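Structural characterization, general
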Amino acid sequence: MITKLLTTALISTSLLTGTAAKAQETRPVFEEANLRFERYFFEGTDQGAYITEDTKGKNIPEENGLDQIELKKYDEVTLVGTNSYDFWKIKVDGQIYYIDQDDLTTSKKEIEALKKEEAEEEKKKQEEAEAAKWSGPVLSASAGVNQGPSGRETYYNLPMEGVVSIMRSMGNNDPYWVREDGAKMLGDYVMVAAHLDIRPRGTIVDTSLGKGIVCDTGGFAAGNPTQLDIATAW
């Protein structure tokens, strides 16, 4: 009788141990499924939003979802659901899609800033392309004098602190730096001296070294009012 009771107890313990172990094994699977399920719950909202990068709207809020619609940068959509996960719920032409929240913003100021930045980059590229079109001679330390796209060019090498200070007082806060070829720069522009009655400070001019900005003047202006004296480290 005692032997039978001990055998029954051992079998019961084995069954309980096996059940507990099985529960332990299935718990991570359950938790993973639960977390995945939570992705489908959203806090409702209804506000205008903007696409910040070209992206695609999916049919479910998961990375492996099927692409349903192409969305272009700056497209306007309606944000209708948010949560703490990667994909948010949007509406486009009455249809529901899910996109990565990193590709979305509700800030119109952010979009305006992005557009401004792109416009400035495009302007810079155009200016660089225009400068590259100059096929004539280029001012250099050895040449000393050059006939550039805007006329006679010379160069000078003097401390620029005072010149930069004047430009700052006029509202120009572009960084001062020296380009690899020795041209002294204010932002994206080569610093030049010119006749200020003809080309006031801040005027953008073409030079053989690229787009220039008038920052200074000199005694040369009296004798040759169209001449440009380019600031360099030569």
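Throughout what follows, the structure given in this document is the object of discussion. Keep in mind that what you see is a predicted model, and the values were worked out from it rather than measured.

1. Considerations on the environment of M160
- Among the secondary structure elements, M160 is positioned in the loop between β9 (151–156) and α3 (161–169).
- Along the primary structure M160 and M191 are separated by 31 residues, whereas in three dimensions their C-alpha atoms are 9.5 Å apart.
- The contact partners of M160, leaving out residues within four places of it in the chain, are Y176, K184, M191 and A231.

2. A word on the environment of V192
- If you trace the backbone, V192 turns up in strand β12 (residues 189–193).
- The buried category is assigned to V192, whose relative accessible area is 1%.
- C-alpha of V192 to C-alpha of I213: the two residues are 21 residues apart in sequence and 5.9 Å apart in space.
- Here V192 is in contact with V205, T207, G212, I213, V214, C215, D216, L228, D229 and I230, once residues within four sequence places are set aside.

3. With respect to the side chain of D103
- With respect to the helices and strands, the residue D103 is situated in the loop between β6 (95–100) and β7 (104–105).
- One buried charged residue, D103, remains without a salt bridge, the closest side chain of opposite sign being K58 at 9.4 Å.
- Within the structure, the side chain of D103 is placed 3.2 Å from the side chain of T55, a separation counted as a polar contact.
- The residues touching D103, leaving out its near neighbours within four places in the chain, are Y50, I51, T52, E53 and T55.

4. What to know about the pairing of strand β13 (residues 204–207)
- Every second residue of β13 is oriented toward a common face, the buried set being V205 and T207 and the non-buried set I204 and D206.
- Bridge analysis of β13 against strand β14 (residues 210–216) gives four bridges, and the strand direction is antiparallel. When the sheet's bridge partners are listed, T207 is paired in β14 with G210.
- The antiparallel pairing of β13 with β14 creates a hairpin that spans two residues between the two strands.

5. With respect to the pattern of salt bridges
- Counted by the stated rule, this structure contains five salt bridges.
- Measuring nitrogen to oxygen at the nearest pair gives 2.7 Å for the salt bridge that ties R179 to D181.
- Overall, the relative accessible area of 23% leaves R179 in the partly exposed class.
- Using a relative accessible area of 36% as the deciding quantity, one classes D181 as partly exposed.
- One salt bridge connects D206 with K211, and the closest N-O pair in it is separated by 2.7 Å.

What counts and how
- Residues numbered from 1 in each chain as written.
- Predicted model: local features only at pLDDT ≥ 70, side-chain atom pairs only at ≥ 80, totals over all residues.
- Heavy atoms only, no water.
- Helix = DSSP H or I, 4+ residues; strand = E, 2+ residues; numbered from the N terminus.
- Contact = heavy atoms within 4.5 Å.
- Buried < 20%, exposed > 50% of the residue type's maximum accessible area, 1.4 Å probe, protein only.
- Lys, Arg positive; Asp, Glu negative; His and termini not counted.
- Salt bridge = Lys/Arg side-chain N within 4 Å of Asp/Glu carboxyl O.
- Polar contact = N/O pair within 3.5 Å; in protein donor to acceptor, adjacent residues only side chain to side chain.
- Pairing = 2+ DSSP bridges.

Taken by themselves, the reported measurements are silent on function.
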